[in-house]
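Listed below are the residues making up each chain.
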Amino acid sequence: MGDFPNQGNPNRVRPQHYQFRMPANPRVAAQITPLIRQLFGVAINGVVFDPGTAEYWQGSPQWHYEAISKTLDLGLDSNHAHVQPSGAYHYHGIPTGLISHFEQQDKMMLIGYAADGFPIYNQYGFENHQDTNSPMRKMQSSDQLKSGQRPPDSLGGAYDSTFEQDYVFIAGAGDLDECNGRFGATLEYPQGIYHYYVTETFPFISRFYRGTPDPSFTRKGPPPFGLPPFGVPPLRPPLPPLNHYSQSN
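Bear in mind that the values here come from a model prediction, so they are computed numbers and not experimental data.

Asks: Is there a simple way to explain the sheet that holds strand E5 (residues 89-91) in this structure?
Replies: Backbone-to-backbone hydrogen bonds pair the strands of a sheet. The strands run either parallel or antiparallel. Overall, mixed pairing links the 8 strands, which are arranged E4-E5-E3-E2-E6-E7-E13-E12 in an open sheet. What marks the edges here is a single partner per strand, and that holds for strand E4 (81-83) and strand E12 (181-184). As defined by bridge partners, E12 adjoins strand E13 (residues 193-197) across 4 bridges and the pair is classed as antiparallel. Its bridge partner being in E13, glycine 181 is matched across the sheet by tyrosine 196.

Shown next, in the form of structure tokens:
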């Protein structure tokens, strides 16, 4: 863990007491669920995955600042993590310190579980998603920076990673779906299971659930900057469920 407070983050780390629940046999839901007031999941070391930020341009949920960007310094350390005002240390991207404890860091490794019960892996996966004997390689997300300029009723300027909304999901552009995951075999689940990846590029950690998140991952307290706790529109419209995700795993 890096030093906190630091220039970009004024908060001190304090002990946290979490109690999370998740289904032991997760199921793919009929529709994907956007993160609005939830933690995405928890790593095997107890640190939470919390990809969103509390910063909005002029308080508008339509322009949500991105933690890992070229323009915003939120004091992230080398683990792509920082500290909330509550003292909670949390990941916004690849937990490099956690991964460094594994003997082979260029292999697929289970690093946590999402609130819907599906496993979370580092950026490596099997080239053939049905074969655990196939070579491993880094998984690529299917989100890309938009081209052109932001609309005039916004901050303006070119899409440059400042906001979550600077990105667009393009099906088939990478290896992963809109939830930054896919169905396939893993070492822990050789029969196949839906699973998420933490990637080197946006969204880094998924902003959507494929399954149904347990309420124990819902944030407590008032929403940031007076935003309504419910009814905030999704960052992107949901996709219909894929047929081969409909099975129970």
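Asks: Can you walk me through the side chain of asparagine 11 in this structure?
Replies: By secondary structure assignment, the location of asparagine 11 is in the segment before strand E1 (33-34). With a relative accessible area of 15%, asparagine 11 lands in the buried category. Ignoring any residue separated from it by four or fewer positions in sequence, one finds asparagine 11 in contact with Phe4, Pro5, Val83, Gln84 and Pro85.

Asks: Help me understand the packing of aromatic side chains, please; the structure alone is not making it clear to me.
Replies: Describing an aromatic ring pair means giving the distance of the ring centres and the angle of the ring planes. In this structure the tally under the stated criterion is 14 aromatic pairs. Consider the rings of phenylalanine 4 and tyrosine 89, whose centres lie 6.0 Å apart with planes at 70°: the pair is edge-to-face. Of this pair, phenylalanine 4 sits in the segment before E1 while tyrosine 89 sits in strand E5, placing them 85 residues apart in sequence. Tyrosine 89 matches phenylalanine 4 in its accessibility class, with the two residues each being buried.

Asks: Even after reading the chapter, I still don't get the nonpolar core, so can you show me in this structure?
Replies: It is characteristic of soluble globular proteins that their nonpolar side chains tend to be buried jointly. The biggest cluster of nonpolar side chains holds 43 residues, and the ones touching the most others in it are Phe40, Phe49, Tyr91, Ile111, Ile120 and Tyr196. The biggest single contributor to this core is E13, with 4 residues. When neighbours within four sequence positions are excluded, phenylalanine 49 is seen to be in contact with Leu39, Phe40, Gly41, Val42, Ala43, Tyr91, Pro95, Ile111, Gly112, Ile120, Val198 and Ile205. Counting 5 residues, the second largest nonpolar core, distinct from the first, contains Trp57, Tyr65, Tyr159 and Phe163.

Asks: So what exactly am I meant to see when it comes to the pattern of salt bridges here?
Replies: Side-chain pairs of opposite charge can arise whenever the charged atoms involved come near each other. A complete count under the given rule lists 9 salt bridges for this structure. One salt bridge connects arginine 137 with aspartate 175, and the closest N-O pair in it is separated by 2.8 Å. A residue pair is termed long-range when its members are at least 10 positions apart, and arginine 137 in strand E9 (residues 136-138) and aspartate 175 in the loop between strand E11 (167-169) and E12 qualify at 38 residues. We classify arginine 137 as partly exposed; its relative accessible area is 29%. Linking arginine 207 and glutamate 164 is a salt bridge whose minimum nitrogen-to-oxygen distance equals 2.6 Å. Of this pair, arginine 207 sits in the loop between E13 and strand E14 (208-209) while glutamate 164 sits in the loop between strand E10 (143-145) and E11, placing them 43 residues apart in sequence. Summarising the burial analysis for this pair, arginine 207 and glutamate 164 share the class buried. Taken together, the salt bridges that share partners define one network made up of Glu66, Glu164 and Arg207.

Asks: Looking at this structure, how should I read the environment of aspartate 73?
Replies: Note that aspartate 73 resides in the loop between strand E3 (48-49) and E4. A distance of 3.0 Å separates a polar atom in the side chain of aspartate 73 from the backbone nitrogen of glycine 75.

Asks: In this structure, what is going on with unusual backbone geometry? I would like to understand it.
Replies: Peptide bonds are mostly trans, and most non-glycine residues show a negative phi. Proline 5 follows phenylalanine 4 through a cis peptide bond whose omega is 0°. Topologically, proline 5 is positioned in the segment before E1. With an omega of 10°, the peptide bond running from phenylalanine 202 to proline 203 counts as cis. Along the polypeptide, proline 203 turns up in the loop between E13 and E14. The backbone of glutamine 58 sits at a positive phi, close to 55°, despite the residue not being glycine. On the secondary structure map, glutamine 58 appears in the loop between E3 and E4. Here the phi dihedral of serine 161 falls at roughly 90°; this positive angle occurs in a residue that is not glycine. Mapped onto the fold, serine 161 is located in the loop between E10 and E11. Overall, serine 161 belongs to the buried group, its relative accessible area being 4%.

Asks: Looking at this model, I keep getting lost on the pairing of E13. Mind explaining?
Replies: Put simply, side chains in a regular strand alternate between the two faces of the sheet. Where burial is concerned, most of E13 is hidden: 5 out of the 5 residues are buried. Residues Ile193, His195 and Tyr197 point to one face of E13 and Tyr194 and Tyr196 to the other, with burial holding for every one of them.

Asks: Sorry, what's going on with the side chain of threonine 53 here?
Replies: Within the secondary structure layout, threonine 53 lies in the loop between E3 and E4. A relative accessible area of 11% places threonine 53 in the buried class. Only 3.4 Å separates the side chain of threonine 53 from the backbone nitrogen of glutamate 55, close enough to count as a polar contact. Non-local contacts of threonine 53, meaning those with residues more than four positions away in its chain, are made with His64, Tyr65, Glu66, Ala67, Leu74 and His92.

Conventions and cut-offs
Residues numbered from 1 in each chain as written. Predicted model: local features only at pLDDT ≥ 70, side-chain atom pairs only at ≥ 80, totals over all residues. Heavy atoms only, no water. Pairing = 2+ DSSP bridges. Helix = DSSP H or I, 4+ residues; strand = E, 2+ residues; numbered from the N terminus. Buried < 20%, exposed > 50% of the residue type's maximum accessible area, 1.4 Å probe, protein only. Contact = heavy atoms within 4.5 Å. Phe/Tyr/Trp six-rings, centres within 6.5 Å; stacked < 30°, edge-to-face > 60°. Core = buried A, V, L, I, M, F, W, Y, C linked by side-chain atoms within 4.5 Å. Salt bridge = Lys/Arg side-chain N within 4 Å of Asp/Glu carboxyl O. Polar contact = N/O pair within 3.5 Å; in protein donor to acceptor, adjacent residues only side chain to side chain.

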